Amino acid sequence: MNIHREGEYFVGNDLEGRRLLGIETGRLADCVAEAKRQAVYGVFGNPYFNFREDNLDFLRELPHLGSIWFWDIDLKNIDGVYALEDLRHFGVHPKRPPVDFSRLATLEEVVWEFNPRDKGMGRLENLRLLHVWRYQPKHGTYEGLEIPTGLEDLEIFWAKPATLAGLPELPRLKRVGIHRCRNLTTLGELPRIAPNLEHLVVTTCPRVSDGPHVVAQLPHLRHASVQSKVLVTAP
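So, a few notes on the structure that sits alongside this text. (Residues numbered from 1 in each chain as written. Predicted model: local features only at pLDDT ≥ 70, side-chain atom pairs only at ≥ 80, totals over all residues. Heavy atoms only, no water.)

**A look at the environment of glutamate 108**
Summarising the element assignment, glutamate 108 is placed in the loop between β6 (89-95) and β7 (109-113). Among the residues examined, glutamate 108 registers a relative accessible area of 29% and is labelled partly exposed. Setting aside residues up to four positions removed in sequence, glutamate 108 forms contacts with Arg88, Asn126, Leu127, Arg128 and Leu129. (Helix = DSSP H or I, 4+ residues; strand = E, 2+ residues; numbered from the N terminus. Buried < 20%, exposed > 50% of the residue type's maximum accessible area, 1.4 Å probe, protein only. Contact = heavy atoms within 4.5 Å.)

Structure, rendered in structure tokens:
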């Protein structure tokens, strides 16, 4: 997202070109009024762009929003999120109270800074894209991690488990990315998890050694890159 000043406000666009507006603490009421006036698709906030709130209560005044993105923040209360009736894109991290995702049933894309007290992720029937950041449970496996089975795109960053065991079968999954998972030793579960996988990218997972063997068991792959080695490419 390219963020820049446009007149009095920070603005940007998402990958679909939809309008996003920055929320600033020192002029919160003005920013909310402008978001209403423009009927922006989403709002964002970050300390660098003058957002220093400890809550998201102002979202109650913007129930039309389809996207929220707040990062490098420290929130004490996020209840305002539940007022968003058509929220499609969610990203709020890293410090926040737990989220009950079952109350956000319209979500289609989530960047999830994992919190073990979050709940309801597995009930998001419309979710198509999920990025999981810093999944580091004490038991060191994916057992118990809520993942909706309708996912089409799954990205995992900085996860602790040594294998992918415990992830559910995801028959609609087309894209998988695994990044900076330094404990990961094998991709052997992928054919079970994602039998219809088309795109695979694995980066900075130095202990993974079975990439070629696993890729050979995924008949629908159009592109595969494991540790910077392109193993499959299709026109």
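**Here's the deal with the layout of surface pockets**
Counted as a void, the largest pocket has a volume near 590 Å³. Together, 18 residues line the largest pocket, and Asp14, Leu15, Ser67, His89 and Glu109 are the ones closest to its centre. Of all elements in the fold, only β5 (67-74), β6, β7 and β8 (129-133) reach the threshold of two or more residues within the lining of the largest pocket. Taken together, the residues that form the lining of the largest pocket break down as 9 nonpolar, 5 polar and 4 charged. (1 Å grid on protein atoms, 1.4 Å probe; cavity = no way out; pocket = protein on both sides within 12 Å on 5 of 7 lines; lining within 4 Å. Points joined across faces, edges and corners; volume = space filled by probe spheres on them. Nonpolar A, V, L, I, M, F, W, Y, C, P; charged D, E, K, R; others polar.)

**Regarding empty space enclosed by the protein**
Counting across every chain of the model gives 1 cavity of 30 Å³ or more. Each pocket or cavity is described by its volume, and for the largest cavity that value is around 40 Å³. Lining the largest cavity are Leu154, Ile156, Leu164, Leu167, Leu173, Val176, Ile178, Leu190 and Ile193. Listing elements by their share of the lining of the largest cavity, those giving two or more residues are β9 (153-157), β10 (175-179) and α2 (190-193). In the lining of the largest cavity, the residues fall into 9 nonpolar, no polar and no charged.

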